[in-house]
Amino acid sequence: MKFFIDTANLDQIREANELGILDGVTTNPSLMAKEGIKGEQAIFQHYKTICELVDGDVSAEVISTDYKGILDEAQKLADIHPNIVVKVPMIKDGVKAIKWLSENGIKTNCTLVFSAGQAILCAKAGATYVSPFIGRIDDSGWDGVQLIEQVKHIYTVQGFETKVLAASIRNPNHIIRCAEAGADVCTCPLDSIMGLLKHPLTDIGLAKFLEDAKKTV
Ligand code: G3P
C-alpha cells in the first residue's frame, strides 16, 4: 500500500518525506485555503513546489463543475509538472471529463466518492485513482472501510485498473484497516501517519534497554 499525505502544508510534507515512507501528496481546495494560498498563479506555484519536494503523484483539484471548464483547468494543472494528477469531483460532467482525460494521457483522481456505484463509474471512465472518503462515511454513522473492501473486491473481480485511494483518514486505525482491506493507497494527515509509530510498550521497553545499557559501559 502506498502512503500519500493529505495536506498542502509544506512543513508537514517535508516531515513525512524525510521519514522516507512518502509516495505522494493529495490536496483539495479546503487544504489550500487552510494554508492561505490565493489566486491561480500562487496556487500553481504551490503545486509546483510540492511536486519538486516529493517524488510521486500529487493530486491537484479542479474547481470547475462543467465539462469544458474541468477540461480547461485539468490541462493547465497537468502542464505544471508530470507528477500532477487532476482531481475531479464525482459528478456527471466530472465522469465525462475523466473519460476524456484518461484517453488523452492525463492522470485523474475521482474525488468525493461515497458509494460502490460511484466507484464503478470512476473505473469505467478510466480514472487513475478513486477516492472513497472513509472518515466522512464514518462521521455519518456508516463504516467507511467496508466501502474500501467492497470497491477493491469489485475492481478485482472485474479487472478494473483504477487504484483504490482511501481518503478522509481520521486515525492510525483507519490506515491499518485500509491496508487489511487491500487499499492501493492511503492518503493521511501527518498525525495519523505518526500515530502508527506509537506503542506504550515500545517506550517502556526502550527506557529499560537504555537504563540497562548504562550497566554495560
Ligand atoms: O482530500 C480529500 C479527503 O482526504 C478529505 O478529508 O478529513 O476533509 O474528510 P476530510
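Refer to the structure printed above.
The model shown is predicted, which means the values in this text are computed figures rather than measured ones.

Novice: Help me out: how do you make sense of unusual backbone geometry in this one?
Specialist: Trans is the common state for peptide bonds, and a negative phi is the common state for residues other than glycine. A positive phi angle, near 60 degrees, is found at Leu 112, a position not held by glycine. Judged by its relative accessible area of 33%, Leu 112 is partly exposed.

Novice: How do you make sense of the sheet that holds strand 4 (residues 84–89) when you look at a structure like this?
Specialist: If you walk around this closed barrel you meet the eight strands as 1-2-3-4-5-6-7-8, and the pairing is parallel. The average undirected angle you get between the axes of adjacent strands in this sheet is 30 degrees. As defined by bridge partners, strand 7 (residues 163–166) adjoins strand 8 (residues 185–188) across two bridges and the pair is classed as parallel. Looking at strand 8, one finds that Leu 165 is bridged to Val 185. Its contacts with the sheet place helix 4 (residues 67–78) against strand 3 (57–61) and strand 4, and it is angled at close to 160 degrees to strand 4. Across the sheet, helix 6 (residues 116–125) is in contact with strand 5 (108–113) and strand 6 (129–132); its angle to strand 5 comes to roughly 165 degrees.

Novice: It is not clear to me how the packing of helix 6 against helix 8 (residues 144–158) should be interpreted in this structure. Could you clarify?
Specialist: A pair of packed helices is captured by two measures, namely the crossing angle of their axes and the spacing between those axes. Viewed as axis vectors pointing N to C, helix 6 and helix 8 meet at an angle of 40 degrees, and their least axial separation amounts to 10 Å. One element, helix 6, and the other, helix 8, form an angle in the oblique class. Seen along the crossing, helix 6 lies across helix 8 with a hand that is right-handed. When helix 6 is examined against helix 8, the residues Ala 116, Ala 119, Ile 120, Cys 122 and Ala 123 are found in contact with a partner set consisting of Leu 147, Gln 150, Val 151, Ile 154 and Tyr 155. Residues belonging to the contact of helix 6 with helix 8 are distributed by class as follows: nine nonpolar, one polar and no charged.

Parameters and conventions
Residues numbered from 1 in each chain as written. Predicted model: local features only at pLDDT ≥ 70, side-chain atom pairs only at ≥ 80, totals over all residues. Heavy atoms only, no water. Buried < 20%, exposed > 50% of the residue type's maximum accessible area, 1.4 Å probe, protein only. Pairing = 2+ DSSP bridges. Helix = DSSP H or I, 4+ residues; strand = E, 2+ residues; numbered from the N terminus. Axes fitted to C-alpha atoms, helices over the stretch in contact; angles between N-to-C directions. Contact = heavy atoms within 4.5 Å. Parallel < 35°, antiparallel > 145°, perpendicular 65-115°, else oblique. Left-handed = near helix turned anticlockwise from the far one by under 90°. Nonpolar A, V, L, I, M, F, W, Y, C, P; charged D, E, K, R; others polar.

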